[in-house]
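Take a look at the letters that make up each chain.
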Amino acid sequence: MPIIPFPGFIKAVVILSFFHGVIGFRPAQAQTPAEIRELLSKQAITELLYQYPRAIDRLDRELLTSIAHQEAKVEFGKTVFPNWLAYTDFMMKAHAEMLGNNHRVTNILIKVHGDTAVSESTGTAMLLVKQEGKDDYEERMMHSRYLDKWSRRGGKWGLDHRQTVMDYRVVKPVSAADVKQMYVMGQRTGAADPSYRLFGEK
């Protein structure tokens, strides 16, 4: 029996291991149609969640209205809105009166059950609001969680119910002089915002 030199032996083992790996390779199991539908549902809901801060910060009533089914109820602190239109009216009026506002949605978790789903997301808001009866302002920073129920109707996902849970809130008084000297606010131009042209929406 011929003796294979040690370096040659190592080379032979490497070659055999390589071919064994190629022969034994199996591609990852393809996703099933049900898994693909679930991923598409999660993506559709995620985009609706992201449209929420965009609608508020751009004061886009039409966009905010489109996120939910008309009869969707909202628990906002101790206030309960009977339908999404009532909530939209409240949010548009409140934010139109602010000098500035900025919202973010993060930490999105979604669980899909066929044509229904639930989600939890974190909302962060920075608001500059004029104090009632005064020339000065207050700066509000809030961290909330949105506990949402969704349904798909006619192939379109929409919100059925939202409960807002407050996790953290800070309110700081700011003088009108400080606002004028230290704060810069972007224009809330709605559909005239350049992002709408970027997406070819207007």
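Shown above is the structure to which this text applies.
Quick caveat: nothing in here was measured; it's all calculated off a predicted structure.

Draft legend 1. Highlighting the pattern of salt bridges. The full count for this structure, using the stated rule, is twelve salt bridges. Across the pair Lys-42 and Glu-38 runs a salt bridge, and its minimum N-O distance is 3.5 Å. In this pair, Lys-42 and Glu-38 both sit in helix H2 (residues 33-57), four residues apart, roughly one turn of the helix. Residue classification places Lys-42 among the partly exposed positions, given a relative accessible area of 26%. Residue Glu-38 is classed as partly exposed on the basis of its relative accessible area of 33%. For the salt bridge of Asp-148 with Arg-162, the shortest nitrogen-to-oxygen distance reads 2.8 Å. In this pair, Asp-148 sits in strand S5 (residues 137-153) while Arg-162 sits in strand S6 (residues 156-174), placing the two residues 14 residues apart along the sequence. One exposure class covers both Asp-148 and Arg-162, and it is buried.

Draft legend 2. Examining the nonpolar core more closely. Counting residues in each nonpolar core, the largest one holds 26 residues, and the members touching the most others are Ile-45, Tyr-52, Leu-64, Trp-84, Tyr-87, Trp-150 and Trp-157. Secondary structure elements with two or more residues in this core: H2, helix H3 (61-66), strand S1 (68-76), helix H4 (84-96), strand S3 (100-113), S5 and S6. Here the element with the most residues in this core is H2; it accounts for six residues.

Draft legend 3. Quick look at the pairing of S6. In this structure, S1 lies alongside S6, joined through five bridges in parallel fashion. Each residue of the ladder has a partner; that of Glu-75, found in S6, is Gln-163. The sheet contact formed by S5 and S6 spans 17 bridges and is antiparallel. Each residue of the ladder has a partner; that of Arg-152, found in S6, is Trp-157. In textbook terms, the turn of a hairpin is the stretch between consecutive antiparallel strands, and for S5 and S6 this stretch comprises two residues, one of which, Gly-154, has a positive phi near 60°.

Draft legend 4. Inspection of the packing of H2 against H4 at higher detail. Packing of H2 against H4 leaves a shortest axis separation of 9 Å and a crossing angle of 45°. Judged by the angle between their axes, H2 and H4 are oblique. Contacts from Tyr-52, Ala-55 and Ile-56 of H2 reach H4 at Trp-84, Tyr-87, Met-91, Met-92 and His-95. A class-by-class count of the residues in the contact of H2 with H4 yields seven nonpolar, one polar and no charged.

Each value, and the rule that gives it
- Residues numbered from 1 in each chain as written.
- Predicted model: local features only at pLDDT ≥ 70, side-chain atom pairs only at ≥ 80, totals over all residues.
- Heavy atoms only, no water.
- Salt bridge = Lys/Arg side-chain N within 4 Å of Asp/Glu carboxyl O.
- Helix = DSSP H or I, 4+ residues; strand = E, 2+ residues; numbered from the N terminus.
- Buried < 20%, exposed > 50% of the residue type's maximum accessible area, 1.4 Å probe, protein only.
- Core = buried A, V, L, I, M, F, W, Y, C linked by side-chain atoms within 4.5 Å.
- Pairing = 2+ DSSP bridges.
- Axes fitted to C-alpha atoms, helices over the stretch in contact; angles between N-to-C directions.
- Parallel < 35°, antiparallel > 145°, perpendicular 65-115°, else oblique.
- Contact = heavy atoms within 4.5 Å.
- Nonpolar A, V, L, I, M, F, W, Y, C, P; charged D, E, K, R; others polar.

Note that every value here comes from positions in space, so none of it alone points to a role or purpose.
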